[in-house]
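Chains, contacts and geometry: an overview
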Amino acid sequence: MLQVKNLTKIYDGGVKALDNVSFEVPKGQFLAVIGLSGSGKSTLLRCINRLIDPTEGQILWDGEDITAASPEEMRNIRRKIGMVFQHFNLVHRSKVITNVLAGRLGYVNPAWSFLNRFPKEDIEKAIKQLERVGIADKADQRADELSGGQQQRVGIARALMQDPNMILADEPVASLDPVLAHSIMKHLEEINKKDGVTVLCSLHFLDLVHRYADRVIALNQGQLVFEGYPRDINDKKFKDIYGRDAERVG
Amino acid sequence: MNEKKSSASAWKSIQIGLAVLLGLFVYAYGFDVTKVNLEELRSERRQESLTRVTRTLAQPDIIGYEQQQAIVTMPLYVPCPAGGLLSTLPEADTSGAYLTISPACAAPGETVQVEGFNFPNNITGPIRFIPGNDPLNVVELGRESITTDSDGHFSASFLIPDRISDAPQFIRVTISESVGKPYFTQNAKDTWDKIIETVFMALLATTAGTILAFPISFLAARNLMKSVRSPLTSVSLSVLGWPIGMGLGYFVVNQVGKFTIPLSENIVVSLLSVIATPFIFWFAIRWALPQEEIKVPTLSVRLTRLLVIFIAILVAFFGFFQLAGLTTSISLGIEKALGSLGFLATFLFQVSDILRITTPALGALAAGGALASFLGRIGQRTAEKSPAARVKTINFIVASLAGATIFGLSGWLVEWLYQVGRVEYTFWGPIIVGAGLGLLLAFLTKPKATLPTGMVVYSITRTILNALRSVEALVMAIVFVIAVGIGPFAGMMALGLHTIVSLAKLYSEQVESIMPGPLEAITATGANRLQTIIYAVIPQIIPPYISYTMYRWDINVRMSTIIGFVGGGGIGFLLQQNINLLNYRAASTQMLAIAIVVASMDYISSVLREKYV
Ligand SMILES: Nc1ncnc2c1ncn2[C@@H]1O[C@H](COP(=O)(O)OP(=O)(O)O)[C@@H](O)[C@H]1O
Ligand SMILES: [Mg+2]
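The model shown is predicted, which means the values in this text are computed figures rather than measured ones. (Residues numbered from 1 in each chain as written. Chains lettered and ligands numbered in written order. Predicted model: local features only at pLDDT ≥ 70, side-chain atom pairs only at ≥ 80, totals over all residues. Heavy atoms only, no water.)

1. Observations concerning the site of ligand 1
Residues and elements named next belong to chain A. In the vicinity of ligand 1, the contacting residues are Tyr11, Val15, Ala17, Leu36, Ser37, Gly38, Ser39, Gly40, Lys41, Ser42 and Thr43. Here an oxygen atom of ligand 1 sits 2.6 Å away from a polar atom, N or O, in the side chain of Ser42. Burial of ligand 1 by the surrounding chains reaches 59%, relative to a free accessible area of 560 Å². The dominant element in the shell around ligand 1, judged by the number of residues it contributes, is helix H1 (residues 41-48), at three residues. Across the shell around ligand 1, the residue classes break down as four nonpolar, six polar and one charged. (Near = heavy atom within 4 Å. Polar contact = N/O pair within 3.5 Å; in protein donor to acceptor, adjacent residues only side chain to side chain. Areas by Shrake-Rupley, 256 points an atom, 1.4 Å probe, with all protein chains shown as cover. Helix = DSSP H or I, 4+ residues; strand = E, 2+ residues; numbered from the N terminus. Nonpolar A, V, L, I, M, F, W, Y, C, P; charged D, E, K, R; others polar.)

2. Some details on the pattern of salt bridges
Overall, the coordinates contain 26 salt bridges over all chains when judged by the stated rule. One salt bridge in this structure joins Glu520 of chain B and Arg46 of chain A, with 2.3 Å as the shortest N-O distance. Of this pair, Glu520 of chain B sits in helix H15 (residues 516-524) while Arg46 of chain A sits in helix H1, on two different chains. We classify Arg46 of chain A as buried; its relative accessible area is 11%. Between Arg462 of chain B and Glu512 of chain B there is a salt bridge; the shortest N-O distance is 3.5 Å. Placement of the pair is Arg462 of chain B in helix H12 (residues 453-469) and Glu512 of chain B in helix H14 (residues 488-512), with a sequence separation of 50 residues. We classify Arg462 of chain B as buried; its relative accessible area is 13%. For Glu512 of chain B, a relative accessible area of 28% puts it in the partly exposed group. Sharing partners across several salt bridges, the network here consists of Arg104, Asp122, Lys125 and Asp163 of chain A. (Salt bridge = Lys/Arg side-chain N within 4 Å of Asp/Glu carboxyl O. Buried < 20%, exposed > 50% of the residue type's maximum accessible area, 1.4 Å probe, protein only.)

3. Considerations on unusual backbone geometry
For the bond from Val78 of chain B to Pro79 of chain B, the omega torsion is -10°, close enough to zero to count as cis. Here Pro79 of chain B is to be found in the loop between strand E1 (63-76) and strand E2 (98-102). Here Ser102 of chain B and Pro103 of chain B are connected by a cis peptide whose omega angle stands at -5°. Looking at the secondary structure, you find Pro103 of chain B in the loop between E2 and strand E3 (111-117). Unusually for a residue other than glycine, Arg50 of chain A sits at a positive phi of about 60°.

4. Re the domain arrangement of chain A
Residue and element names in this part refer to chain A. Here chain A is partitioned into domain 1 (1-80 + 164-244) and domain 2 (92-163). Just the C-alpha atoms count here: the centres of domain 1 and domain 2 sit 25 Å apart. Listed by partner, the interface residues are 17 residues for domain 1 and 14 residues for domain 2. A buried area of about 1400 Å², summed over both sides, lies between domain 1 and domain 2, and 55% of it is on carbon and sulfur atoms. The largest contributions to the domain 1 side of the interface with domain 2 come from Arg79, Pro164 and His187, which together make up 38% of the buried area. Salt-bridge contacts for Arg132 lead to Asp195; the nearest nitrogen and oxygen are separated by 3.0 Å. Among the elements of the structure, helix H2 (71-78) and helix H7 (178-195) are those that each provide at least two residues to the side of domain 1 that touches domain 2. With eight residues, H7 is the largest single contributor of residues to the side of domain 1 that touches domain 2. When grouped by side-chain class, the residues that make up the side of domain 1 that touches domain 2 number eight nonpolar, three polar and six charged. (Domains from an automatic or database assignment. Contact = heavy atoms within 4.5 Å. Buried area = accessible area lost by both parts, 1.4 Å probe.)

5. Some thoughts on the interface of chain B and chain A
Contact residues are listed per partner, giving 32 residues for chain B and 40 residues for chain A. Counting each side, the surface lost to burial between chain B and chain A is near 3100 Å², with a carbon and sulfur contribution of 57%. Its largest share of buried area at the contact with chain A, chain B owes to Gln291, Thr525 and Tyr535 of chain B, together 23% of the area lost on that side. At the junction of chain B and chain A, the tally comes to two salt bridges. Linking chain B to chain A there are 13 residue pairs in polar contact (both at pLDDT 80 or more). Put simply, the parts of the chain that give the side of chain B that touches chain A at least two residues each are helix H7 (267-288), helix H9 (342-385), H15 and helix H16 (529-562) of chain B.

6. Here we look at the sheet that holds strand E4 (residues 124-130) of chain B
Residue and element names in this part refer to chain B. Spatially, four strands are ordered E1-E7-E4-E5 in an open sheet, and the strand pairing comes out antiparallel. Looking at strand neighbours, the two that pair on one side only are E1 and strand E5 (145-147), the edges of this open sheet. Mean inter-strand twist for the sheet, computed between neighbouring axes without regard to direction, equals 30°. Note that E4 and strand E7 (residues 169-184) share four bridges and pair antiparallel. Looking at the pairing, Ile127 lines up with Val173 of E7. (Pairing = 2+ DSSP bridges. Axes fitted to C-alpha atoms, helices over the stretch in contact; angles between N-to-C directions.)

7. Side note on the state of the cysteines
All names here are of chain A. The final tally for this structure, using the stated rule, is one disulfide over all chains. Not engaged in a disulfide, the cysteine Cys47 finds its nearest cysteine sulfur in Cys201; these two sulfurs lie 18 Å apart. Using a relative accessible area of 0% as the deciding quantity, one classes Cys47 as buried. (Disulfide = S-S within 2.5 Å.)

8. Thoughts on the domain arrangement of chain B
You can read the domains of chain B as domain 1 (2-36), domain 2 (64-184) and domain 3 (186-229 + 457-613). Here domain 2 of chain B and domain 3 of chain B have C-alpha centroids that lie 58 Å from each other.

9. Some details on the packing of helix H8 (residues 299-338) of chain B against H9 of chain B
Residues and elements named next belong to chain B. At a minimum axis separation of 8 Å, H8 and H9 run at an interaxial angle of 165°. The angle between the axes of H8 and H9 places the two elements in the roughly antiparallel class. The crossing of H8 and H9 is left-handed. Here the residues of the contact of H8 with H9 are counted per class, giving 16 nonpolar, nine polar and two charged. (Parallel < 35°, antiparallel > 145°, perpendicular 65-115°, else oblique. Left-handed = near helix turned anticlockwise from the far one by under 90°.)

10. Thoughts on the sheet that holds strand E2 (residues 16-25) of chain A
All names here are of chain A. An order of E2-E1-E4-E5 is seen for the four strands of this open sheet, with the pairing classed as antiparallel. A strand with exactly one partner marks an edge of an open sheet, and here the two such strands are E2 and strand E5 (64-65). Summarising the sheet, strand E1 (residues 2-10) and E2 pair through six bridges and their orientation is antiparallel. In the sheet register, Val4 faces E2, and the bridge partner there is Phe23.

11. A word on the nonpolar core
Ile34 and Met185 of chain A together with Phe218 and Val537 of chain B are the most contacted members of the largest nonpolar core, which has 75 residues in total. Among the elements that line this core, the one with the most residues is H16 of chain B, at seven residues. The contact partners of Phe218 of chain B, leaving out residues within four places of it in the chain, are Leu224, Met225, Val511, Ile533, Val537, Ile538, Ile541 and Tyr545 of chain B. The next biggest cluster of nonpolar side chains, apart from the first, holds 30 residues, and it includes Phe23, Trp61, Ala69 and Leu200 of chain A. (Core = buried A, V, L, I, M, F, W, Y, C linked by side-chain atoms within 4.5 Å.)

12. Side note on a nonpolar patch on the surface
Residues and elements named next belong to chain B. Together, Trp412, Leu413, Val414, Trp416, Leu417, Tyr418, Val420 and Tyr425 give the surface a local cluster of nonpolar side chains, amounting to about 930 Å² of exposed area. Per element, the largest residue contribution to the nonpolar patch is six residues, and it comes from helix H10 (residues 388-418). Assignment of secondary structure puts Trp416 in helix H10. According to the relative accessible area criterion, Trp416 is exposed, its value standing at 59%. (Patch = residues over 30% accessible without salt bridge, like charges linked within 9 Å, V, L, I, M, F, W, Y side chains within 5 Å.)

13. Overview of the environment of Ile541 of chain B
All names here are of chain B. Secondary-structure assignment places Ile541 in helix H16. The class for Ile541 is buried, based on a relative accessible area of 0%. With 102 residues separating them in the primary sequence, Ile541 and Leu439 have C-alpha atoms 42 Å apart. Not counting residues within four places of it along the chain, the set of residues in contact with Ile541 comprises Phe218, Gln510, Val511 and Ile514.

This is the structure we're talking about:
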């Protein structure tokens, strides 16, 4: 169970990216985070694994206070939270397998990983994850030789290497065409349903929300403007979330 | 409104006029101080010496022949004697090469016709007027030279200089003929030696500079250092950890050396130890550092591991000393056998010497770093877990101790540099001030707040880099010539230091411009800072690092050719010497060598760059 309480983030420049946001995510839920670009979705997800330090508020995960964790404790929390990014964030010049193995860095002894040595089990595990997302044959290629959809699968495999209890996906399909988008979302869905991993996924398109999400929260200028089930987003709610001038398509 | 516009444009014209005037003034002054003078360039004297020097430069002194010299002289009177005593001049010996002069006497400023017969064919040599009546006199006048035709004959008009004498004086033609096979002149050999020295100076400087600039560049990268923050307790304890750890490490490793260096005189013992220590080290570390651990180990397990690691490291240092001993024995043993490859033995000997000297320093650094990070962690934990009031008390103690340490050590440095000799100024004073500042800092900071240690390290590193970078390598070379004596070692040190600072700057700019995405992704997996650098930063910076290193290699080759001007060894030393001795043909050889080396290095590095970047 993830509890976010009165979370506020004010950036150095004075931008209030999150404004007193509170919500809860039960274990194993697929939660969609929607909102216009600039509404604070990325900031929210990054506050949860403390890539960004929140200005105020509290985040509790299974009772543990993430916002108060020391750097040492933070590493142990982070290794249980996988993250998937819009621009995949692979290390381009490294091999696919190295990118996937990087998901183990929070577990392995640092001294060995400096020498680029991973335990045998981890290497086998990495191959298995690549098989799971269907690109095991690409293991020895450089990451930037892959197409966008393939790169995102590597990103998912990297997150899976962490044996995560939760996955934060920041617009994972925004840079992909619709067909690929569905194949990536299906992987996330499978991880959520089969492995029971909690998923927080920010999304652009409402049809994806309806298709994959158990529940939705919506942000507008840093404020939580909607919390509920996808089917509850009616025209009025839609205008609250996306603004007066927005028009519903599809 | 129109008026406003026109007044504005008038003001603009005035501004432009003033700017032009100012420019004129600046350049006029510039011409004056740099003494721009084309008239001097056009003067006959300059033109003549320019031509002469250029011609000499065009004939580099590389290949020589054994020379056979023949001197042919012919007397004449200057001016013509009153009685016309022509018969007193001896007849030329026509069996060999000989000269005829007509007329046989002349007044200064007149021209005589000199003809030569039976000379070697197609050969050039100087023709001179020899004052006094000794045909072998070293004093000679004139600048002409003659060239014989295919019959060994020449004819030249010769202007008689203003030297008069009653006795006969001489016209002398010197010809030298190349005989035998061509050989490389001494100058060519010296140039070869020095150019090799130059290239290797650049190579070593670039290598050492690159290796050291690499880690420094991370300390000077804002994006990496900005997020490094630690509480005062942790910072103070690390500050205390460094000197204590370094002292302990140096002492312990030296003790290891003291007891084990005698052992290494026995080559069997040292050989066995060199073979055995890596295995022992490897297995100890394998045991003490499990690859992956999900559960937190118990305290006793942790302590045992620490002990094993400590012993493993001692064993490693023992191995270093044995390796140094072994290398020394080998180098001494094979020196004779290697013959002309003796430099390999010398290299081994120097390496073993370097190993022996650096091992205690390495131990000091390792122990300093280890203790500092260990204490820093304890500090971090204390600041996080203890109640604020207790942290505050601890901060008062450790911060004042840390302040005292920093200032005390700085005072010691000042004492060493300036030999003040007053303990109250260089020891007690700084310690009290440092402790006071530490107390003040502990008083001002909230006990649990974190300090921007990363940015402090970043600023200090940047400042030192910028300060050192503004000192030219040539100037550094002068300092090193004083420190380690004239020669290529001084040049290498200067180039190496300059390489470190300039590469560290360039590298760190590359680190600052990496894509932040992968960095974020690796951090999110729970990787620690060093892991993040290795997995997210280094792969991104490899190509620019290679290209900058090659660029620096180019610069170092260029610099090493002139660093000899200030005594830094290499070809510059020879070049400067020859220029000063007006030995332009020799200097020309060195210039040619420099041009060839620089051009070919340019070519090689551009090929490599294309291939790998
Ligand atoms: N590092 C930053 N510094 C300052 N402002 C930022 C930073 N990152 C994001 N912002 C601002 O915070 C707001 C929310 O941004 P973000 O969380 O990226 O929104 P979203 O992901 O929904 O597009 C935006 O107004 C953005 O300009
Ligand atoms: Mg975003």
